[in-house]
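Observations on the model geometry
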Amino acid sequence: MRITWGYRPATMRRLEVQPFADEHLDAAAALLAERHARQRATEPLLPEIADFRAHVEESLGADGASGWVALQDGDVVGYVIGAPRSNEIWGPNIWVELAGHAVRDAETIRDLYAVAAASWVEGGATRHYVLAPATDVELVDSWFRLSFGAQHALGIQEVADQRDVSGEDITVRRAGPEDAEAAVRLDLVLPEHQRGSPVFGVTQNPNEEESTAEYREALAEEGEAILLAERDGRPIGLLVMAPIERSSMHTGLARPDRACILGFAATLPDVRGSGAGLALTNAGLAWAREQGYETVVTDWRETNLLSSRFWPKRGFRRTFLRLYRSIP
């Protein structure tokens with residue numbers, strides 16, 4: 001089935017949007033390679049990729065995936081692929097993953113989405129998520145003009161030396177199995193904060209008994225660092241560092257070599273602004289240096305006013321944005 005969608009000025013050739021087929025894989029991979037090369041020119045810490053076709057095939061091979069290509073005079077000039085994740089977590093959803101779209105002209109994504117969204121919404125998927133390169137201003141703008149907004153960000157930086165001075169009365173140490181209960185209490189701080197305005201996150205608190213057992217097990221393992229900030233012996237903050245391979249979010253095009261992830265951080269509300277977050281961040285970067293990591297990544301909700309300001313000020317640069325649109 002061929003769908004001709006929209007018009008172009010006389011100086012531009014008409015686009016044709018049609019379903020993605022195997023014959024389009026090589027051309028789509030070339031477009032993705034071009035997109036990633038542009039992004040790495042701005043953010044060289046992102047990984048070098050040898051086989052872009054494999055990433056496109058992975059997106060197209062996901063359960064329930066559907067895709068479309070845009071053609072001009074028979075040449076593929078853009079594609080979009082979407083697939084659902086768990087409805088229990090994300091509602092009736094479709095995700096355009098990291099390798100799920102690339103276009104030669106940013107405006108083309110609007111034509112592609114117009115066709116794709118009609119199919120997705122007809123199938124009942126009304127919550128749409130897109131992982132887009134944060135450095136591609138024109139592409140992000142095209143998604144924004146489709147009523148998407150920035151919900152989440154992935155960040156990256158070199159494993160730097162200490163950049164800020166933290167409170168002198170705050171100490172940070174590696175937590176041990178005996179600190180599991182304190183770690184669980186601090187672990188609950190972030191979801192509680194994100195249930196409020198302006199995040200309005202829908203999260204459920206984990207079972208504390210199960211979480212305590214999980215923390216005891218994690219605290220007895222090597223390979224990651226669970227750091228506890230204290231003031232006068234009182235636990236006031238928690239930060240977790242781990243190899244990037246343990247992340248389900250920083251994958252594929254967003255997974256640098258020799259990298260670790262700052263996977264969690266939270267401080268008690270009554271100590272914010274005291275330097276506890278700085279002390280934890282400095283300790284986390286020190287651990288990364290000791291382990292020989294060259295790059296550290298993290299992520300945050302853009303609607304979380306605290307984290308969306310704190311992490312960029314600590315040197316993290318946005319690499320990808322998770323964009324979101326809910327259709328009534």
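Residues numbered from 1 in each chain as written. Predicted model: local features only at pLDDT ≥ 70, side-chain atom pairs only at ≥ 80, totals over all residues. Heavy atoms only, no water.

On to the overall build of the protein chain, then. When you go through the protein chain residue by residue, the secondary structure sums to ten helices and 14 strands. Whereas a compact globule of 328 residues would reach a radius of gyration of roughly 20 Å, the protein chain reaches 22 Å, a difference of no more than 12%. The principal-axis extent of the C-alpha atoms belonging to the protein chain is close to 70 × 40 × 30 Å. The 328 residues of the protein chain split such that 50% are buried. For the protein chain, the share of sequence-separated contacts (at least 6 apart) that also reach a separation of at least 24 residues comes to 72%. When the accessible surface of the protein chain is summed, it comes to about 15900 Å², and 48% of that surface belongs to carbon and sulfur atoms. Charged side chains in the protein chain number 34 positive and 49 negative. The centres of these two groups are separated by 6 Å. (Helix = DSSP H or I, 4+ residues; strand = E, 2+ residues; numbered from the N terminus. Rg over C-alpha atoms; globule rule 2.2 N^0.38 Å. Buried < 20%, exposed > 50% of the residue type's maximum accessible area, 1.4 Å probe, protein only. Contact = heavy atoms within 4.5 Å. Areas by Shrake-Rupley, 256 points an atom, 1.4 Å probe, with all protein chains shown as cover. Lys, Arg positive; Asp, Glu negative; His and termini not counted. Charge placed at Lys NZ, Arg CZ, Asp CG, Glu CD.)

Trp120, Trp143 and Met241 are the most contacted members of the largest nonpolar core, which has 66 residues in total. Counting residues per element, this core draws most heavily on helix α4 (residues 108-122), which supplies seven residues. If near-sequence neighbours (up to four positions away) are discounted, Trp120 is found in contact with Ser66, Trp68, Val80, Ile81, Gly82, Ile94, Val96, Tyr113, Ala125 and His128. (Core = buried A, V, L, I, M, F, W, Y, C linked by side-chain atoms within 4.5 Å.)

Once that is clear, we can look at unusual backbone geometry. Of note, the amide linkage connecting Ser197 to Pro198 takes the cis form, showing an omega dihedral of 5 degrees. If you trace the backbone, Pro198 turns up in the loop between α7 (189-194) and α8 (208-219). The phi angle at Ser147 is positive, at roughly 75 degrees, despite the residue not being glycine. In this fold, Ser147 is placed in the loop between α5 (137-144) and β8 (149-158). Unusually for a residue other than glycine, Phe200 sits at a positive phi of about 55 degrees. The topology assignment puts Phe200 in the loop between α7 and α8.

Attention shifts here to the sheet that holds strand β7 (residues 127-133). Reading across from one edge, β5-β7-β14-β8-β13-β12-β11-β10-β9 is the order of the nine strands in this open sheet, with mixed pairing throughout. Two strands in the sheet have a free side with no partner beyond their single neighbour: β5 (93-96) and β9 (170-174). Going from strand to strand, the sheet's axes swing by 20 degrees on average, the running direction of each strand aside. The pairing of strand β10 (residues 225-231) with strand β11 (residues 234-243) spans seven bridges and is antiparallel. Along β11, the bridge assignment pairs Ala225 with Met241. The strands touched by α5 are β7, β8 and β14 (317-326); relative to β7, the strand with the most contacts, the crossing angle is about 170 degrees. (Pairing = 2+ DSSP bridges. Axes fitted to C-alpha atoms, helices over the stretch in contact; angles between N-to-C directions.)

So, about the packing of aromatic side chains. Scanning all chains against the criterion turns up 13 aromatic pairs. Plain terms: the ring middles of Trp68 and Trp120 are 6.1 Å apart, the flat faces sit at 75 degrees to each other, and that makes the pair edge-to-face. In this pair, Trp68 sits in strand β3 (residues 66-72) while Trp120 sits in helix α4, placing the two residues 52 residues apart along the sequence. Of the two residues, Trp68 and Trp120, neither departs from the other in class, the shared state being buried. Arranged with centres 5.3 Å apart and planes meeting at 70 degrees, the rings of Trp90 and Tyr129 form a pair that is edge-to-face. Of this pair, Trp90 sits in helix α3 (residues 87-90) while Tyr129 sits in strand β7, and the two are 39 residues apart along the sequence. Taking the relative accessible area as the measure of exposure, Trp90 reaches 18% and is therefore buried. An aromatic cluster is defined as three or more aromatic residues linked by ring pairs; in this entry it consists of Trp68, Tyr113, Trp120, Trp143 and Phe148. (Phe/Tyr/Trp six-rings, centres within 6.5 Å; stacked < 30°, edge-to-face > 60°.)

By the secondary structure assignment, Asp187 is in helix α6 (residues 180-187). One buried charged residue, Asp187, forms no salt bridge at all, with the nearest opposite charge on Arg195 at 9.9 Å. Looking at Asp187, its side chain comes within polar contact range of the side chain of Tyr215, at 2.6 Å. Residues contacting Asp187, with those up to four places away along its chain left out, are Tyr215, Leu238 and Phe264. (Salt bridge = Lys/Arg side-chain N within 4 Å of Asp/Glu carboxyl O. Polar contact = N/O pair within 3.5 Å; in protein donor to acceptor, adjacent residues only side chain to side chain.)

For helix α1 (residues 25-42), with 18 residues, the first-to-last C-alpha span of 26 Å sits near the 26 Å given by 1.5 Å per residue. All buried positions along α1 are accounted for by Leu25, Ala28, Ala29, Leu31, Leu32, Arg35, His36 and Gln39. Looking straight down α1, one finds that the buried residues subtend no more than 160 degrees of arc, so they occupy a single side. Among the exposed residues of α1, those oriented more than 90 degrees off its buried face are Asp26 and Ala41. Residues of α1 that are buried in the fold lie against α2 (52-60), β4 (75-82), β6 (101-103), β7, α5 and β14. (Expected span 1.5 Å × (residues − 1). Arc of directions from axis to C-beta.)

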